[in-house]
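These are the residues of each chain, in order.
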Amino acid sequence: MTQRDNVGPLGSLKFVTLLVALIPELLFLGAGVQLQDNGYDGLLIAINPQVPENQNLISNIKEMITEASFYLFNATKRRVFFRNTKILIPATWRANNYSKVKQELYEKANVIVTDWYGAHGDDPYTLQYRGCGKEGKYIHFTSNFLQNDDLIAGYGPRGRVFVHEWAHLRWGVFDEYNDEKPFYINGQNQIKVTRCSSDITGIFVCEKGPCPQENCIISKLFKEGCMFIYNSTQNATASIMFMQSLSSVVEFCNASTHNQEAPNLQNQMCSLRSAWDVITDSADFNHSFPINGTELPPPPVFSLIQAGDKVVCLVLDVSSKMAEADRLLRLQQAAEFYLMQIVEIHTFMGIVSFNSKGEIRARLHQINSDDDRKLLVSHLPMTVSAEAETSICSGLKKGFEVVEKLNGKAYGSVMILVTSGDDEHIGNCLLTVLSSGSTIHSIALGSSVVENLEELSHRTGGLKFFVPDKSNSNSMTDAFSRISSGTGDIFQQRIQLESTSENVKPHHQLKNTVTVDNSVGNDTTFLVTWQTSGPPEIELSDPNGRKYYANNFTTNPALQTARLCVPGTAEPGLWTYTLNNTHHSLQALKVTVTSRASSSAMPPATVEAFVERDSTHFPHPVMIYANVRKGLYPILNATVTAIIEPEAADPVALDLFDNGAGADIIKNDGIYSRYFFSFAVNGRYSLKVHVSHSPSVSGLAYSIPWSRAMYVPGYIANGNIQMNGPRKSVGRSEEEQKWGFSRISSGGSFSVLGVPAGPRPDVFPPCKITDLHAVKVEEKINLSWTAPGEDYDHGQANSYEIRISQSLRNIQDDFNNAILVNTSKLNPQQAGTKEVFTFSPKLFTNGPDHQPDGETRESHRIYVAIRAIDKNSLKSAVSNIAQASLFIPPNSAPILARDNLILKGVLTAVGLIGIICLTIVVTHFVYSSRLE
């Protein structure tokens, strides 16, 4: 174990101790939403720059959060409410005495408001990419939802909708309805509606009006066109995760009201636990207690904030350590790339360098032309100092001095801190950094960087990157490419299409292709960098065969870069580049390609790479994610590969999947995921994701499986059916895709500790199966699931253990004593493969099946769960519990549930009244005929 391994935790402890000693308000800067004294502080709602200015939108947001705060307070039994909320106003809106942003960014918002419609129109939704009890990514509203009062009839009051989505986002609970399975047969052989609680009442409606339940059933299947319409007046008080629009619904389903049999995501994802059970297990509830008394909390306080001028300062290490492993050269190349291509026009830029002291190299200069960019490049450091000592605080203080010259404060500014130094005194300026209002993006070079560097980024909401000391790594350029203005305007941001680096032998070539799709093409730039004194031979061909050579590129010999900006909009299709190493020695050649959106009418495909946690301890895996979408639409069937670079080992390529198995929670949501546990060494790891999509496969998702508030088609009010307008459906014209697309995104860095040296025992079990499904086909039960691996979702498990029960509680609480199914002929397949297994429940359901006290065997359902076992007998967690109805005799019909008995009574009464009316009419007609 190295000295660094020993001192790391101690250094971290000192740093945390210092944080705790700071002013509490500063401690929470950049840390997202915090719960203090029962109130949420720091909720950030961001309006997309594409949304037209409308003051009513702001007013409606305030009304929604205020209503939600009181509703949430009562729903959580006087536990939590919203105290302070920030609304981030687009910089495109006229100034209206808005406060200036500090470290708030659109990309960090908890709630986003856009004019982009998803596949479900105005449906509010929450992007949940993790499992039960885990926080989601963001809540999305359309501006139309927040302004069109006609939608309230279908979704319910906006404050109630917000609480529904907040429960998704904050506490990781899921929807209790199911559009795809609106009905099911329960354990008593009754047809039931998928709902929670079961006490919510209504009637079946066919195409022509109310109908008996049996009219909605054909051969035990539900007839298309049938729906269940709920009564507008209810006695049931639950559940918010089912139908928040009902006025009687004021709480979440708990253990006594939860419908465990309903085939919904809450049951599947949370192992049949109620929403309230999951919520009360959260950290929010573990650290707070109900407020005594009867008074309501104060209404939320709102802050309207707006970004001003974009201000960025490069804070660059020039200590002697920067001379190692070509660090300075790679920094110069990446910084030039950032200044010439990435940073947006009209940004104020400054440059600072530091060793033991800071030095201002370029005071703030606004970028209005390429000449401004070139001027700033000329101020980049060209040499390193003889001094090995580094003072990060000195560099940052000079950076603050630079940016404060514009408006007197550093609020809303960005520092890009690049260092290779081990500065033990970094904590000395922590208070200054947190109170500055500046966001710190950190780039660590090599393995000797101070352990707590990333804490500056974490506490200020910045990004953090790691660049290994490898000549053929393009991580530095990828890191600079990932840093954007954070405004949310993807039409103005640079999009990285390619990042290739390779050690090329003398007189050998680096040849490859990159796809420029029709959603990008403006300001397309090819950057070539090399390691030795002279440039390689360059040949670039566009899709029409036009060729560009080295003399067409703008070359900077001092920085060893060559750049070609394609005029106009780049021709869509395959571009081919060839670099020929004309030197007599091996050298690293690198190609980076970026572009911008070709039109504001068509959002480009984007990818965001990230990890679940910034650090882990062996043997806990890291979950890697890539969010791939076009606007709000998930992109399916993409090839997504993560490249993980450790400090001192070879890179690892890892395919990510959107298959709803393993680390991937929801299938076809556009978030590709995978477990990573191939830890070579202790220390930092760099992450980059490459996405490619073939034009021959389907791209955008037509049905998006996100967590979203239910739109109610209508209600029964005073015995009458009152239908709401049809839910907005967005017709999408699928633009012709001839070329597919290619994207690159840096996912920052993460760190790993506790990796043992030498041989390691098998400590990685198969991952939990989360998509087990059971279907009765004739007299058999068909099971299907996605195969886990020998180690999490890698490799091939050794065997399966399947158990069944007619008691839900039995298999839920005592899996080991449920009935074991013979799986001797079931051999696990490779991870990610669809598994199918069929068995006859008759062979098992008459056997001994222990029943919990007070539970009867009068059940027509079977419950199934499974776990995988590897070759060393390590077992996965028990899967989600699947359920299916047992064999129903052909002449028996499902028992009518209470709702339908009520309906039959209503229909009978209506029929009798009709007969009486008909008799009166006929009598009147006969009597009138006689008089004539």
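Heads up: the structure comes first, above all this text.
Residues numbered from 1 in each chain as written. Predicted model: local features only at pLDDT ≥ 70, side-chain atom pairs only at ≥ 80, totals over all residues. Heavy atoms only, no water.

A. Geometry of the overall build of the protein chain. Broken down by element type, the protein chain carries 19 helices and 49 strands. Within the protein chain, the fraction of its 932 residues that count as buried is 57%. Contacts in the protein chain between residues far apart in sequence, at least 24 positions, make up 76% of those at least 6 positions apart. Summed over all atoms, the accessible surface of the protein chain reaches about 38,500 Å², with 52% contributed by carbon and sulfur. (Helix = DSSP H or I, 4+ residues; strand = E, 2+ residues; numbered from the N terminus. Buried < 20%, exposed > 50% of the residue type's maximum accessible area, 1.4 Å probe, protein only. Contact = heavy atoms within 4.5 Å. Areas by Shrake-Rupley, 256 points an atom, 1.4 Å probe, with all protein chains shown as cover.)

B. Molecular detail of the sheet that holds strand 28 (residues 561-565). Spatially, the five strands line up as an open sheet ordered 22-30-24-28-27, and their pairing is antiparallel. The open sheet is flanked by strand 22 (495-504) and strand 27 (554-556), the only strands paired with a single partner. Here the strands of the sheet are splayed against their neighbours by 15° on average, with no regard to which way each runs. Note that strand 22 and strand 30 (residues 587-597) share nine bridges and pair antiparallel. (Pairing = 2+ DSSP bridges. Axes fitted to C-alpha atoms, helices over the stretch in contact; angles between N-to-C directions.)

C. Representation of unusual backbone geometry within the structure. Cis geometry marks the peptide bond from cysteine 196 to serine 197; its omega dihedral reads 10°. Residue proline 619 follows phenylalanine 618 across a cis peptide bond; omega there is 10°. Along the chain, the position of proline 619 falls in the loop between strand 32 (615-617) and strand 33 (622-630). Phi angles above zero are rare outside glycine, and lysine 77 is one such case at about 55°. Along the chain, the position of lysine 77 falls in the loop between helix 3 (55-75) and strand 3 (81-89). Taking the relative accessible area as the measure of exposure, lysine 77 reaches 42% and is therefore partly exposed. Backbone geometry at leucine 272 places phi at a positive 70°, although glycine is not the residue there.

D. Expanded view of the sheet that holds strand 23 (residues 509-516). Strand order in the open sheet formed by four strands is 23-29-25-26, with antiparallel pairing between adjacent strands. The two strands at the open ends of the sheet, each matched to only one other strand, are strand 23 and strand 26 (547-549). Along the sheet, successive strands turn relative to each other by an average axial angle of 15°, direction set aside.

E. Structural context of the side chain of glutamate 612. Positionally, glutamate 612 belongs in the loop between strand 31 (605-611) and strand 32. Within the structure, the side chain of glutamate 612 is placed 3.1 Å from the side chain of arginine 130, a separation counted as a polar contact. If near-sequence neighbours (up to four positions away) are discounted, glutamate 612 is found in contact with Arg130, Lys134, Met623 and Tyr625. (Polar contact = N/O pair within 3.5 Å; in protein donor to acceptor, adjacent residues only side chain to side chain.)

F. Inspection of the packing of aromatic side chains at higher detail. Counted by the stated rule, this structure contains 37 aromatic pairs. Ring plane angle 35° and centroid distance 5.6 Å describe the contact between tyrosine 40 and phenylalanine 82, whose orientation is recorded as tilted. One end of the pair, tyrosine 40, is in strand 2 (residues 39-47); the other, phenylalanine 82, is in strand 3, with 42 residues separating them in the sequence. Here the two residues tyrosine 40 and phenylalanine 82 agree in accessibility, since each one is buried. A ring pair is formed by phenylalanine 676 and phenylalanine 679, whose centres lie 5.5 Å apart and whose planes are at 85°; its orientation type is edge-to-face. We classify phenylalanine 679 as buried; its relative accessible area is 1%. Members of the aromatic cluster, connected to one another through ring pairs, are Phe618, Tyr675, Phe676, Phe677, Phe679, Tyr685, Phe750, Phe764 and Tyr792. In this arrangement the basic side chain of arginine 803 is found over the ring face of phenylalanine 815, its NZ or CZ atom lying 5.8 Å from the centre. (Phe/Tyr/Trp six-rings, centres within 6.5 Å; stacked < 30°, edge-to-face > 60°. Lys NZ or Arg CZ within 6 Å of the ring centre and 35° of its normal.)

G. Representation of the state of the cysteines within the structure. Inspection of the entire model under this criterion finds three disulfides. The side chain of cysteine 196 participates in a disulfide bridge whose partner is cysteine 253; the two sulfur atoms lie 2.3 Å from each other. The sign of the -125° torsion about the S-S bond sets the cysteine 196-cysteine 253 disulfide as left-handed. You can see cysteine 196 sitting in the loop between strand 9 (191-193) and strand 10 (202-206) and its partner cysteine 253 sitting in the loop between helix 7 (240-243) and helix 8 (265-269), a full 57 residues away along the chain. According to the relative accessible area criterion, cysteine 253 is buried, its value standing at 0%. (Disulfide = S-S within 2.5 Å.)

H. Representation of helix 6 (residues 158-171). Look at helix 6: 19 Å from first C-alpha to last across 14 residues, which is about the 20 Å you get at 1.5 Å a residue. In terms of burial, helix 6 is a largely internal element, 14 of the 14 residues being buried. Positive phi shows up at glycine 172, right after helix 6, with a value of about 70°. (Expected span 1.5 Å × (residues − 1).)

I. Quick look at helix 3. Between its first and last C-alpha atoms helix 3 spans 30 Å; for 21 residues at 1.5 Å apiece the expected length is 30 Å, and the two agree. For helix 3, the complete set of buried residues consists of Leu57, Ile58, Asn60, Ile61, Met64, Ile65, Ala68, Ser69, Tyr71, Leu72, Phe73 and Ala75. For helix 3, the N-terminal cap is asparagine 54; the gap from its side-chain oxygen to the backbone nitrogen of asparagine 56 is 2.8 Å. Directly after helix 3, the chain includes lysine 77, whose backbone phi takes a positive value near 55°.

J. Examining the pairing of strand 44 (residues 780-786) more closely. Examined bridge by bridge, strand 43 (residues 773-777) and strand 44 share five bridges and lie antiparallel to one another. Bridging across to strand 44, alanine 774 finds its partner in leucine 783. The antiparallel hairpin formed by strand 43 and strand 44 contains two residues in its connecting segment, where glutamate 778 sits at a positive phi of about 55°. The pairing of strand 44 with strand 47 (residues 834-839) spans six bridges and is antiparallel. What sits directly across from threonine 786, in strand 47, is lysine 834.

K. Molecular detail of the nonpolar core. Counting residues in hydrophobic clusters, the biggest one holds 68 residues, and the most contacted among them are Phe162, Trp166, Trp171 and Phe252. It is helix 3 that contributes the most residues to this core, nine residues altogether. Formed by 55 residues, the second largest nonpolar core is a distinct cluster that contains Val622, Val628, Ile644 and Leu656. (Core = buried A, V, L, I, M, F, W, Y, C linked by side-chain atoms within 4.5 Å.)

L. Layout of the pairing of strand 36 (residues 652-656). Pairing analysis gives five bridges linking strand 35 (residues 639-646) to strand 36, with the strands arranged antiparallel. Among the inter-strand pairings, valine 640 is bridged to a residue of strand 36, identified as leucine 656. A loop of five residues connects strand 35 with strand 36, the two strands running antiparallel in sequence.

M. Layout of the pattern of salt bridges. Applying the stated rule across the entire model yields 30 salt bridges. Of the charged contacts in the structure, one is a salt bridge between lysine 77 and glutamate 251, with a shortest N-O distance of 3.7 Å. Taken together, the residues span a long stretch of sequence, with lysine 77 in the loop between helix 3 and strand 3 and glutamate 251 in the loop between helix 7 and helix 8 at a distance of 174 residues. Exposure remark for glutamate 251: the relative accessible area of 17% places this residue in the buried category. Note that aspartate 793 is salt-bridged to arginine 674, the shortest N-O span being 3.5 Å. (Salt bridge = Lys/Arg side-chain N within 4 Å of Asp/Glu carboxyl O.)

N. Region of interest: the packing of helix 11 (residues 327-342) against helix 12 (residues 370-377). Contact geometry of helix 11 with helix 12 gives a least axis separation of 9 Å together with a crossing angle of 165°. Classified by the angle between their axes, helix 11 and helix 12 sit roughly antiparallel to one another. The chirality of how helix 11 crosses helix 12 is right-handed. Here Glu336, Leu339, Met340 and Gln341 of helix 11 come into contact with helix 12, specifically with Asp370, Arg373, Lys374, Leu376 and Val377. (Parallel < 35°, antiparallel > 145°, perpendicular 65-115°, else oblique. Left-handed = near helix turned anticlockwise from the far one by under 90°.)

O. Molecular detail of the side chain of glutamate 104. If you trace the backbone, glutamate 104 turns up in the loop between strand 4 (99-100) and strand 5 (111-114). Exposure remark for glutamate 104: the relative accessible area of 14% places this residue in the buried category. A distance of 2.7 Å separates polar atoms of two side chains, one belonging to glutamate 104 and the other to lysine 86. Excluding residues that lie within four positions of it along the chain, glutamate 104 makes contacts with Leu44, Lys86 and Ile305.

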